[in-house]
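# Results of the structural survey
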Amino acid sequence: MNKEDKKTQPPRLIAGVWIARLIIGGVFVVSGFAKADDLYGFIYKIEEYLEVWGWIQPRSLVLVGAMALSAMEFLLGAMLAMGCYKRTVVWLLLAMMAFMLPLSGYIYVADPVADCGCFGDFWVISNGATFLKNIAITAALIFLAKYNPEVDGLFGAYIQWLVVTVCAVYILVIGSIGYMVQPLVDFRSFPAGSKLVKEDDGGEEAEFEFVYEKDGEKKTFTTDNLPDSTWEFVDRIQISGKISDKTDFAVLDGDENVTEEVISDEGEQLLIIIPDYSRADVSCTYAINEMSDYIVSRGGSVVCLLVADSAQIAEWRDLSMADCPMLYVEPTVLKELARGVMAAVFLRDGTIVWKRALSSIDPDIFAAASAKDDVMDSLAGDGPGTARNLTLVLLAVLAVLFMLDRSGRLLDWSIKLKKRAETLK
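Here is what the cut-offs are and how they apply
Residues numbered from 1 in each chain as written. Predicted model: local features only at pLDDT ≥ 70, side-chain atom pairs only at ≥ 80, totals over all residues. Heavy atoms only, no water. Helix = DSSP H or I, 4+ residues; strand = E, 2+ residues; numbered from the N terminus. Buried < 20%, exposed > 50% of the residue type's maximum accessible area, 1.4 Å probe, protein only. Contact = heavy atoms within 4.5 Å. Areas by Shrake-Rupley, 256 points an atom, 1.4 Å probe, with all protein chains shown as cover. Polar contact = N/O pair within 3.5 Å; in protein donor to acceptor, adjacent residues only side chain to side chain. Phe/Tyr/Trp six-rings, centres within 6.5 Å; stacked < 30°, edge-to-face > 60°. Salt bridge = Lys/Arg side-chain N within 4 Å of Asp/Glu carboxyl O. Patch = residues over 30% accessible without salt bridge, like charges linked within 9 Å, V, L, I, M, F, W, Y side chains within 5 Å. Lys, Arg positive; Asp, Glu negative; His and termini not counted. Charge placed at Lys NZ, Arg CZ, Asp CG, Glu CD. Core = buried A, V, L, I, M, F, W, Y, C linked by side-chain atoms within 4.5 Å. Axes fitted to C-alpha atoms, helices over the stretch in contact; angles between N-to-C directions. Parallel < 35°, antiparallel > 145°, perpendicular 65-115°, else oblique. Left-handed = near helix turned anticlockwise from the far one by under 90°. Nonpolar A, V, L, I, M, F, W, Y, C, P; charged D, E, K, R; others polar. Pairing = 2+ DSSP bridges. Right-handed = clockwise from strand over helix to strand, strands pointing away.

As a further point, take the overall build of the protein chain. Per the secondary structure count, the protein chain includes 14 helices and 10 strands. Taking all 425 residues of the protein chain together, the buried fraction comes to 44%. Partitioning the intrachain contacts of the protein chain with sequence separation of at least 6 by distance along the chain shows that 74% fall at a separation of at least 24. Total accessible area computed for the protein chain in this model is approximately 21,900 Å², and 60% of it derives from carbon and sulfur atoms.

This is the structure in structure tokens:
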């Protein structure tokens, strides 16, 4: 259709197209943002899928795939919502759904994973709900494939590349911070400002069984008879006690739960988190020891929490030369507490002040600090505030581009009107 035909489209069709654009585009924007914000969580979910199918891949390759997919979802969703690249975006999303719809159908039937991870920890939905969601999205995209090109978007064709560029920079910054430091918006069970160990509300204490696998055989264990390091952790299942959507934190010393003895309700405490001992980086030991010396000089304590057997714990003690308790915590809990290959969690009176990947901390600031210097608080950041400010900057830039685009269109119209008036004379 030509431009004159577009102007005569029925208002109901225009409204229907915009409603579909905003809803479907918004779904992909939220999904892409949630994945990029918590890139490690998305990596864990991809690795969970790959493990089910026996397609073990290097972490670096999974990282590239996770960042690319989350950015693509966000960008395509944003472009759809704003009416940019009206044909290309819809067909790219349909191509994505041609893969995602059968995959979600398979997951619904076979149930290889507990949830699809579509929205990360922001919104966990069942496999059945995911399948129905993808059917609805595909149907809406088929509608848009026909009618989306007939309704104008917010931006003209000549400026759309700038819109894509600005949105791409935004989501890449969000993903980079989430991967190298911590997610800006923490949707997990242990956000900054919360108590690490939840207070007892008088209910029955939750009990769990742990699923491990060895040589293709899966077995269930309790906390009293966990297997040796030759078994690989698969899943944790709650069998009794309180039903909660939040994860309970538990520290084990052998078969004994020592959480209350280890996590202090008073004073400052630094937790060193190693969720996968095989990936532990010895180069981080300098930072660990500098932070430990600083905390101890202020009357605080340090605890190393890791997923390792007794032999690995002894090996890490020799490698790190750290003089602090080293205890086992179930891997799912550690990964949820803090993201990264190795991370640090700072507590004050049992409350989480901040969490950071160890690689993002400069150890020299501790070497030059005295016990009176409040260095630890300087590492705390306002993640939600940073995400909000970045989003406001994105919206401001898009608003400027919109005004420039409209002013350009008005200028073109005024020139055309002037030429037409001169012709009539």
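What follows deals with the environment of serine 264. Within the fold, serine 264 resides in the loop between α8 (259-262) and β6 (268-274). You can call serine 264 partly exposed: its relative accessible area is 23%. Along the chain, serine 264 and serine 301 lie 37 residues apart, while their C-alpha atoms are 8.6 Å from each other. Setting aside residues no more than four positions away along its own chain, serine 264 makes contact with Gln269, Asp349 and Gly350. A polar contact is formed between the side chain of serine 264 and the backbone oxygen of glutamate 266, at a distance of 2.6 Å.

Moving on to the packing of aromatic side chains. Any aromatic ring pair is given by two values, namely how distant the centres are and how the planes are angled relative to each other. Within this structure, the stated rule accounts for 14 aromatic pairs. Consider the rings of phenylalanine 155 and phenylalanine 402, whose centres lie 6.1 Å apart with planes at 90°: the pair is edge-to-face. Here the residue phenylalanine 155 occupies a position in the loop between α6 (127-147) and α7 (160-180), and phenylalanine 402 occupies one in helix α14 (residues 383-424), the gap between them amounting to 247 residues. Ring centres of phenylalanine 190 and phenylalanine 249 lie 6.1 Å apart, and the angle between their planes is 85°; on these two criteria the pair is classed as edge-to-face. Of this pair, phenylalanine 190 sits in the loop between α7 and β1 (207-214) while phenylalanine 249 sits in the loop between β3 (232-240) and β4 (252-253), placing them 59 residues apart in sequence.

In this section: the pattern of salt bridges. By the definition in use, this model includes 12 salt bridges. Residue lysine 45 is joined to glutamate 48 by a salt bridge in which the shortest nitrogen-to-oxygen separation is 3.1 Å. Separated by three residues within a single helix, lysine 45 and glutamate 48 lie in helix α3 (residues 39-53), roughly one turn from each other. Glutamate 47 serves as the salt-bridge partner of arginine 59, at 2.6 Å between the closest nitrogen and oxygen. Taken as a pair, arginine 59 in helix α4 (residues 59-82) and glutamate 47 in helix α3 lie far apart in primary sequence, 12 residues in all. Arginine 59 gets classed as buried once you look at its relative accessible area, which sits at 15%. Here the salt bridges do not stand alone but share partners, grouping Glu268, Arg298, Arg348, Asp374 and Asp377 into one network.

For the rest of this paragraph, the subject is a negative patch on the surface. Negative charge collects at one region of the surface, where Asp253, Glu256, Glu260, Glu261, Asp265, Glu266 and Asp349 lie side by side. Residue position: glutamate 266 is located in the loop between α8 and β6.

Let's shift gears to the environment of valine 353. With respect to the secondary-structure elements, valine 353 resides in strand β10 (residues 351-357). Along the backbone, valine 353 and leucine 379 are 26 residues apart, and their C-alpha atoms lie at a distance of 9.4 Å.

Counting 48 residues, the largest nonpolar core has Met79, Leu80, Met82, Leu141, Val163 and Cys167 as the members making the most contacts within it. Only α2 (11-37), α3, α4, α5 (86-110), α6, α7 and α14 provide two or more residues apiece to this core. For methionine 82, the contacting residues outside a window of four places in its chain are Trp18, Gly153, Leu154, Phe155, Val163, Cys167 and Leu398. Formed by 30 residues, the second largest nonpolar core is a distinct cluster that contains Ile288, Leu306, Met326 and Ile361.

Look at α2 against α4: their axes get within 7 Å of each other, and the N-to-C directions meet at 155°. The orientation of α2 with respect to α4, classified from their angle, is roughly antiparallel. Seen along the crossing, α2 lies across α4 with a hand that is left-handed. Note on element contacts: α4 touches α2 through Met67, Ser70, Glu73, Phe74, Gly77, Ala78, Leu80, Ala81 and Met82, opposite Trp18, Arg21, Leu22, Ile24, Gly25, Phe28, Val29, Ser31, Gly32, Phe33, Lys35 and Ala36. Considered class by class, the residues forming the contact of α2 with α4 number 13 nonpolar, five polar and three charged.

Two faces make up the sheet, and in a regular strand the side chains alternate between them. Counting buried positions over the six residues of strand β7 (residues 301-306) gives five, a clear majority of the element. In this structure, β6 lies alongside β7, joined through six bridges in parallel fashion. Bridged to glutamine 269 within β7 is serine 301. The β-α-β motif built from β6, the intervening helix α9 (residues 285-297) and the parallel element β7 has right-handed crossover chirality. Pairing between β7 and strand β8 (residues 326-328): three bridges, direction parallel. Counted as the bridge partner of leucine 306 is tyrosine 328 from β8. Note that the unit made of β7, helix α10 (residues 310-320) and β8 has a crossover that is right-handed.

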